[in-house]
Amino acid sequence: MVKGTGHAAFSGIAIGRAYVYRKQQNELPISCGDPAIEQNKFNEAVKTAHQQLQALFEKTKEELGEEQAMILDVQMMMLDDLDYLESVEQMIQDGSSAAQAAQDSGDTFSTAFAAMDDAYMKARAVDLKDVSQRIVQILCGNQQGTIIEEPGILVAEDLTPSETVQLPKDKILAFVTRQGSANSHTAILARIMNIPSLVQTDIQLNDELDGKLMIVDGFNGTYYLEPDEDTLEQMQQKEKEAAKERVQLEAFRGKPSITRTGHKIKLFANIGNPEDAQAVLEGDAEGIGLMRSEFLYLGRTSFPTEQELFDAYHSVVEKMDGRQVVIRTLDIGADKKVDYFGLQPEENPALGYRGIRICLEQDEIFRPQMRAIYRAAAYGNVCVMFPMITSVWEVRQIKAFCAKIQEELKAEGLPCGNAQLGIMIETPAAALISDQLAEEVDFFSVGTNDLTQYTLAVDRQNAQLDKFYDPHHPALLRLLKIIAANAHKAGIWAGICGELGADTTLTEDFIRMGFDELSVSPGRILELRKKVCESEATPNERISVCNHR
Ligand code: PEP
Ligand code: MG
C-alpha cells in the first residue's frame, strides 16, 4: 500500500480504480520531408479511425439503438469521401504533414458544408470536423478524449477548466492532481460536481497507476494506492459515517431557510453547465445564484451561436420552473482560456483582458449572449449580472447596451423578458464605490474568490501562495460589511456567490452583515440550511428594507 497526501479541495471518500489523465497534444507534428511516408501515416490513421468508429457504432447501437448509432455510420462514410481524401493527398504532396493536411482539409470542407443552404448538409459540417479531428488526434498520438470505461478516480498532473468541462462527469468518483490550487476553477467544478478532490498531491504519475485500486479521503487530504484490508475497511466505515450524516441533513430538505430569530435568507446554488441544474434541484437549492456562462464557451473550437446560448439558458430556466436564475455573462480570461477568442498572451492575465472588459469591447461577443439571456428571460425568473466591474461608467455602458438589445428583440417580434440587472463585486474598487454602484443596479453578488485575490494581492491560481490566500482576512470582512451596508442603503439586495459563501464558520457573520442570499455548490445547501436554522443571528447592519423584486 502507498499512502500519500495533498490539499483537500472538496471533502468525501471515494474508492475506485485510478485513471491517469493524459493531456491532449495540441501542436501538430511537422512533415518528415517525404510525402510518401506522410501519406502512409495518413492512410494508417484513417484505418484506425474506421476501427474506432465501428466499435463506437456497435456500442451505441446496443445501448441507444440503431437510429442514434447512424451518425457514426455517416462519419465512417465520410472517411471514404474522395474529395476530402484528394485534398489531403494534394496538401501532403505540397509539403504538409499528414496531421496538418487532415486538419486543414477538414476545416475547408466543414466551412463549405456549413455555408450550404441544404439543412442536412449544413448539419454534416460538424460531423466532418469531428472525423478530421479524430484523424488529427490519432496522428498526434492522442486518445480520442479520456476514455473511462467505469466510474473511477481521475489522476492528473493538472487540469484546466476547459479540460475539466469535457470530462464524462458521471464516470468520475474523485479528482487527484499533482498541481492546482484549491481556489482554482477546476476545484470549484469538483465542488459543483460534489466529488472529493485533492490538489498538490505527491502522487507519482506513471502508466502502472492506471487501473490500481485507490482511495481518496477528501476529509483530510489523504490518498491510498492498493490499500491493505484494514485501511479499506476503515475507509468504508468512514464513508458509512459520512453517509449517515448526509441522511441526517435530509431533515432540512424542503424547510425554509429561517434563523431561530425569524430572519430569512435565500440559499441558492452555483452552476457551470446547464446539466448542473439537476444537481441544484437534488441539492434543494432555492434558485441559482451564479451560472458561469463562460463554461458554455470552453471545450469548443468556435463561438456558440445565439441559438445555442439561448437553448442552454432556456433549458436551465425551464428546469428551475419559476425559481430565480442569476446568469453571469462570460468571464473568459485569466485561467479560463479559449483558443478561438484569439486573445494575446499577457504578463498578468488575472489583471488583464478578461470578463466584462472583453464584452464591452467586442459587440459580436456580447450581443449574442445578451440576446440569448433576454430571450430566455421570457420563460422564467432571470437575473443577469456582470463580472469584473470596477467603475460606474462600465455599468452605465452595460445598461445602455442591454436596453438596446431589448428594443432590438422587441422590434424583431421575438419573445423577450425582463431581467434584474446586477453586478459582481469582486474588485476592491467596486467594493469601495459600492455606494455609487448600488444606485445603478438591482443587486450585488460578491465574488469572494477574486475579491480575496485582488485585495490581498495573492494569485488564486498559485498553489504556493495558498497560505496567504486568506478570505477571513479582516480587510475582506471589512469590505463585505461595506458592500452589504451600501446595497441596503440603496434598497437593493446583496448576496455572496464566491466559495466563502459556503464557509459555515462565517454564516452567522454574513447574516449579521445583512446578506440576503448565499450561493454555493449544490451539495452544500442542506448543511448551510442546518446552520441557518440553528442560528440566533439577526442582521444588525440593516439600513433599509431590501427590495426583492
Ligand atoms: C468569484 O470571483 O468569487 C466568483 C464567484 O467568480 P469566479 O470564481 O468564477 O471568478
Ligand atoms: Mg470571479
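Summarised in this report is the structure supplied together with it.

Rules used throughout
Residues numbered from 1 in each chain as written. Chains lettered and ligands numbered in written order. Predicted model: local features only at pLDDT ≥ 70, side-chain atom pairs only at ≥ 80, totals over all residues. Heavy atoms only, no water. Pairing = 2+ DSSP bridges. Helix = DSSP H or I, 4+ residues; strand = E, 2+ residues; numbered from the N terminus. Axes fitted to C-alpha atoms, helices over the stretch in contact; angles between N-to-C directions. Contact = heavy atoms within 4.5 Å. Near = heavy atom within 4 Å. Polar contact = N/O pair within 3.5 Å; in protein donor to acceptor, adjacent residues only side chain to side chain. Salt bridge = Lys/Arg side-chain N within 4 Å of Asp/Glu carboxyl O.

**Quick word on the sheet that holds strand β12 (residues 381-386)**
In step 1: Taken together, eight strands build a closed barrel; the order of strands is β9-β10-β11-β12-β13-β14-β15-β16 and the barrel is parallel. On average, adjacent strands in this sheet sit at an angle of 25 degrees to one another, irrespective of strand direction.
In step 2: Relative to strand β14 (residues 443-446), strand β13 (residues 420-425) runs parallel, the two sharing four bridges. Bridged to G422 within β14 is F443.
In step 3: On top of the sheet, helix α19 (residues 525-533) reaches β9 (266-271) and β16 (517-520); it is set at about 160 degrees to β9, its chief contact.

**Some thoughts on the site of ligand 1**
In step 1: Around ligand 1, the structure places 16 residues, and the nearest of them are H185, R292, R328, N449 and R460.
In step 2: Here an oxygen atom of ligand 1 sits 2.7 Å away from a polar atom, N or O, in the side chain of R292.
In step 3: Within the backbone of N449, a nitrogen or oxygen atom sits 2.7 Å from an oxygen atom of ligand 1.
In step 4: Of all the secondary-structure elements, those providing two or more residues to the shell around ligand 1 are α7 (185-193), β10 (288-292) and α16 (448-456).
In step 5: At three residues, α16 tops the list of elements feeding residues into the shell around ligand 1.

**Quick look at the pattern of salt bridges**
In step 1: By the definition in use, this model includes 29 salt bridges.
In step 2: R375 is paired through a salt bridge with E306; the nearest N and O atoms lie 2.7 Å apart. Of this pair, R375 sits in helix α12 (residues 363-377) while E306 sits in helix α10 (residues 306-320), and the two are 69 residues apart along the sequence.
In step 3: Each member of the salt-bridge network shares a partner with another, and the members are E294, R328, D331, K336, R354, D450 and R460.

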